[in-house]
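# Structure assessment
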Amino acid sequence: MIAITGATGHLGQLTFNEILKTVPASQLVAIVRNPAKAESLDQQGVTVRQAEYTDRAALTAALEGVEKLLLISSSEVGQRAVQHRNVIDAAKAAGVKFIAYTSLLHADRSPLGLHVEHVDTEQYLAASGIPYALLRNGWYSENYLASVPAALAHGVFIGSAGEGKIASATRADYAAAAAKVISSEGHAGKVYELAGDEAWTLSELAAELSKQSGKPVVYQNLSEADFAAALKGAGLPEAFANLLADSDVGASKGGLFDDSRTLSTLIGRPTTPIRDSIREIV
């Protein structure tokens with residue numbers, strides 16, 4: 001049996017879409033916070049089990065009979081290290097034989113503040129004694145594309161990434177890699193640095209927006225503090241705004257760039273170019 005945590009989240013849903021192409025639903029377990037949101041998986045024959053990252057006992061029960069676990073990182077920044085430890089402890093108690101964990105690109109040397117909790121989880125996983133693989137995901141293209149409507153409306157795309165190269169890929173690309181690793185053999189002990197085939201800067205992103213929309217869009221680089229303030233002014237919670245600003249500054253230092261093409265090699269096809277993702281929403 002293969003289990004996937006966060007099964008109803010953005011990445012979890014896409015991973016199930018992919019893995020169901022090759023693995024029978026009867027061999028899959030969806031671990032979810034709210035089973036009502038997993039109705040479509042249940043209807044396809046996937047076993048749905050309720051457990052939250054904070055409830056180790058429920059996680060242990062949910063992992064009964066599971067041999068492989070895809071641990072999709074929690075979305076609760078600041079709480080993830082403890083939550084991930086709960087999942088790993090539960091997996092050990094349940095006798096899980098392999099874990100694949102969605103970490104952060106170059107987590108061990110990343111300039112992004114996000115790396116801290118990922119490194120903690122990687123170290124805890126290594127100490128657990130359970131064979132594992134690390135899926136160090138780069139940035140999702142969707143992280144920046146969410147700002148496209150505002151950029152088109154105002155003619156300005158703001159950020160604090162300078163001319164840092166961003167080798168993004170879509171969630172669907174990363175989901176394909178996760179499905180491949182958790183459903184096939186030979187991945188124990190592997191560390192996969194995953195990123196898009198084509199890297200771009202925010203200036204280049206703004207230029208592509210202008211090209212495809214026919215509306216002038218320029219990139220305005222801000223200081224970390226000013227970018228965070230702008231995000232807060234747009235209604236984002238303070239902690240999330242600060243996280244995004246920190247990540248942009250990390251991108252300016254090379255934290256979101258990788259040219260190894262490990263992701264496209266793993267999934268057996270090119271990753272989705274940012275221009276194609278823009279075309280779908282402009």
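What this report covers is the structure whose coordinates are included nearby. Owing to the predicted nature of the structure, the values given are computational and were not obtained by experimental measurement.

### Some remarks on the side chain of Glu193
Structurally, Glu193 can be placed in strand E8 (residues 191–194). Here His106 takes part through its backbone nitrogen, which lies 2.7 Å from a polar atom of the side chain of Glu193. For Glu193, the side chain forms a polar contact with the side chain of Arg136, separated by 2.7 Å. Not counting residues up to four positions away in its chain, the partners in contact with Glu193 are Leu105, His106, Arg136, Asp258, Ser260 and Thr262.

### Here's the deal with the packing of helix H10 (residues 224–233) against helix H11 (residues 238–252)
One can describe the packing of H10 onto H11 by two numbers: an axis separation of 8 Å at closest approach and a directional angle of 140 degrees. Taken together, the axis directions place H10 and H11 in an arrangement best described as oblique. Here the hand of the crossing between H10 and H11 comes out right-handed. Here Glu224, Phe227, Ala228, Leu231 and Lys232 of H10 lie close against H11, whose contacting residues are Glu238, Ala241, Asn242, Leu244, Ala245, Asp246, Asp248 and Val249.

### Section: the nonpolar core
The biggest cluster of nonpolar side chains holds 35 residues, and the ones touching the most others in it are Phe16, Ile19, Leu70, Leu135, Val181 and Leu194. When residues of this core are assigned to their parent elements, the largest contribution, eight residues, is made by helix H8 (residues 171–183). Look past the residues within four positions of Phe16 in its chain and what remains in contact with it is Ile4, Ala7, Leu28, Val29, Ala30, Leu41 and Val46. Of all hydrophobic cores here, the second largest spans 26 residues; its members include Leu114, Trp139, Phe157 and Leu256.

### Examining the packing of aromatic side chains
By the definition in use, this model includes three aromatic pairs. Seen in terms of ring centroids, Tyr144 and Trp200 are 5.6 Å apart; in terms of plane orientation they differ by 80 degrees. Their pairing is edge-to-face. Note that Tyr144 is positioned in helix H6 (residues 141–145) and Trp200 in the loop between E8 and helix H9 (202–213), a separation of 56 residues in sequence. Members of the aromatic cluster, each reached through a chain of ring pairs, are Tyr144, Phe157 and Trp200.

### Quick look at the pairing of strand E7 (residues 156–159)
Burial of E7 is one-sided: the residues Phe157 and Gly159 facing one way are buried, the residues Val156 and Ile158 facing the other way are not. Of the pairings in the sheet, the one linking E7 to strand E9 (residues 218–221) comprises four bridges and is parallel in character. Among the inter-strand pairings, Gly159 is bridged to a residue of E9, identified as Asn221.

So, how was this worked out
Residues numbered from 1 in each chain as written. Predicted model: local features only at pLDDT ≥ 70, side-chain atom pairs only at ≥ 80, totals over all residues. Heavy atoms only, no water. Helix = DSSP H or I, 4+ residues; strand = E, 2+ residues; numbered from the N terminus. Polar contact = N/O pair within 3.5 Å; in protein donor to acceptor, adjacent residues only side chain to side chain. Contact = heavy atoms within 4.5 Å. Axes fitted to C-alpha atoms, helices over the stretch in contact; angles between N-to-C directions. Parallel < 35°, antiparallel > 145°, perpendicular 65-115°, else oblique. Left-handed = near helix turned anticlockwise from the far one by under 90°. Core = buried A, V, L, I, M, F, W, Y, C linked by side-chain atoms within 4.5 Å. Buried < 20%, exposed > 50% of the residue type's maximum accessible area, 1.4 Å probe, protein only. Phe/Tyr/Trp six-rings, centres within 6.5 Å; stacked < 30°, edge-to-face > 60°. Pairing = 2+ DSSP bridges.

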